[in-house]
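Descriptive analysis of the structure
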Amino acid sequence: MDNGHWTYHTQLTPSLHFGFVYQITCTMTGRSYIGKKQYHSYRKGRVVQEMDWRNYTGSSKGLNTDIKKLGKSKFTFTVLKEYKTRGWLSYGECNTQHKLDTLTKRLPDGSRAFYNRQILAIKFVPSIKQHPELCK
């Protein structure tokens, strides 16, 4: 099976999994995006069609603007883990985003390390002045 532009430690298995959590990273800046993607669309619990996951570039407007500006070749597309259910896929995305500190982590130059601007539809990016490490 063709994984498209995605790299993974093994072959992806859409027939056995609901979807995957991924990381897209700009090789020029080091800035990343963590997201999730379903393999198929469903209606009334049945598979309707396969999603275009092989060519998917994330839902972040900022990320997609940079991909268009810099070119797809300047980005790595990595599957972190596959999940068997919708619930575990959502949990996996949220858990990964929290563990990687996607809303507050900074690059050495002070810019945001992640394109992510929300976790589970909570649209809040804390001020850099409120970062626990800087408040000490």
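Data block above holds the structure.
Report on the accompanying structure. Treat the numbers as computed from the prediction; the structure is a model and nothing was measured.

Some thoughts on the overall build of the chain
Scanning the chain from terminus to terminus reveals two helices and five strands. Listing each helix as α and each strand as β along the chain from the N terminus yields β-β-β-β-α-β-α. Burial statistics for the chain: of 136 residues in total, 41% are counted as buried. Intrachain contacts of the chain at a sequence separation of at least 6 include 57% that bridge at least 24 residues. Of the roughly 8,500 Å² of accessible surface on the chain, a fraction of 54% belongs to carbon and sulfur atoms.

Let's talk about the nonpolar core
By size, the foremost hydrophobic cluster in this structure holds 17 residues, and its most contacted members are Trp6, Leu12, Phe20, Tyr22, Ile24, Leu63 and Phe75. Of all the elements in the fold, those that place two or more residues in this core are strand 1 (19-26), helix 1 (61-70) and strand 5 (75-83). In terms of residue count, strand 1 provides more of this core than any other element does, four residues in total. If near-sequence neighbours (up to four positions away) are discounted, Phe75 is found in contact with Ile24, Thr25, Cys26, Thr27, Leu63, Asp66, Ile67, Leu70 and Tyr115. Within the second largest apolar cluster, eight residues are counted, among which are Phe18, Val21, Ile34 and Leu107.

A few points about the sheet that holds strand 2 (residues 32-38)
The three strands are arranged 2-1-5 in an open sheet whose pairing can be described as antiparallel. Strands at the two margins of the open sheet, each flanked by one partner only, are strand 2 and strand 5. Here the average twist between neighbouring strands, direction ignored, is 25°. Relative to strand 5, strand 1 runs antiparallel, the two being bridged by eight bridges.

Things to note about the side chain of Glu82
As for its position among the elements, Glu82 is in strand 5. Despite its burial, Glu82 pairs with no opposite charge; the closest candidate is Lys84, at 8.8 Å N-O. For Glu82, the side chain forms a polar contact with the main-chain nitrogen of Thr13, separated by 2.9 Å. Separated by 2.5 Å, the side chains of Glu82 and Tyr39 make a polar contact. Once residues within four sequence positions are removed from consideration, Glu82 is found in contact with Tyr8, Gln11, Leu12, Thr13, Pro14, His17, Gly19, Phe20 and Tyr39.

Re the pattern of salt bridges
Counting across every chain of the model gives three salt bridges. Where Lys36 meets Glu93, a salt bridge forms, and the shortest distance between an N and an O atom there is 3.8 Å. With Lys36 in strand 2 and Glu93 in helix 2 (residues 86-99), this pair connects stretches of sequence that are 57 residues apart. Given the relative accessible area of 12%, Glu93 is considered buried. A salt bridge links Asp66 to Lys69; the nearest nitrogen and oxygen atoms lie 3.8 Å apart. With a gap of three residues between them, Asp66 and Lys69 both fall in helix 1, about one helical turn apart. By relative accessible area, which is 17% here, Asp66 ends up buried. Among the residues examined, Lys69 registers a relative accessible area of 62% and is labelled exposed.

Side note on the side chain of Thr57
By the secondary structure assignment, Thr57 is in the loop between strand 4 (46-50) and helix 1. A distance of 2.5 Å separates the side chain of Thr57 from the side chain of Asn64, its partner in a polar contact. Apart from the residues lying within four places of it in its own chain, the contact partners of Thr57 are His5, Ile24, Leu63, Asn64, Ile67, Lys72 and Phe77.

Reading the values: rules and limits
- Residues numbered from 1 in each chain as written.
- Predicted model: local features only at pLDDT ≥ 70, side-chain atom pairs only at ≥ 80, totals over all residues.
- Heavy atoms only, no water.
- Helix = DSSP H or I, 4+ residues; strand = E, 2+ residues; numbered from the N terminus.
- Buried < 20%, exposed > 50% of the residue type's maximum accessible area, 1.4 Å probe, protein only.
- Contact = heavy atoms within 4.5 Å.
- Areas by Shrake-Rupley, 256 points an atom, 1.4 Å probe, with all protein chains shown as cover.
- Core = buried A, V, L, I, M, F, W, Y, C linked by side-chain atoms within 4.5 Å.
- Pairing = 2+ DSSP bridges.
- Axes fitted to C-alpha atoms, helices over the stretch in contact; angles between N-to-C directions.
- Lys, Arg positive; Asp, Glu negative; His and termini not counted.
- Salt bridge = Lys/Arg side-chain N within 4 Å of Asp/Glu carboxyl O.
- Polar contact = N/O pair within 3.5 Å; in protein donor to acceptor, adjacent residues only side chain to side chain.

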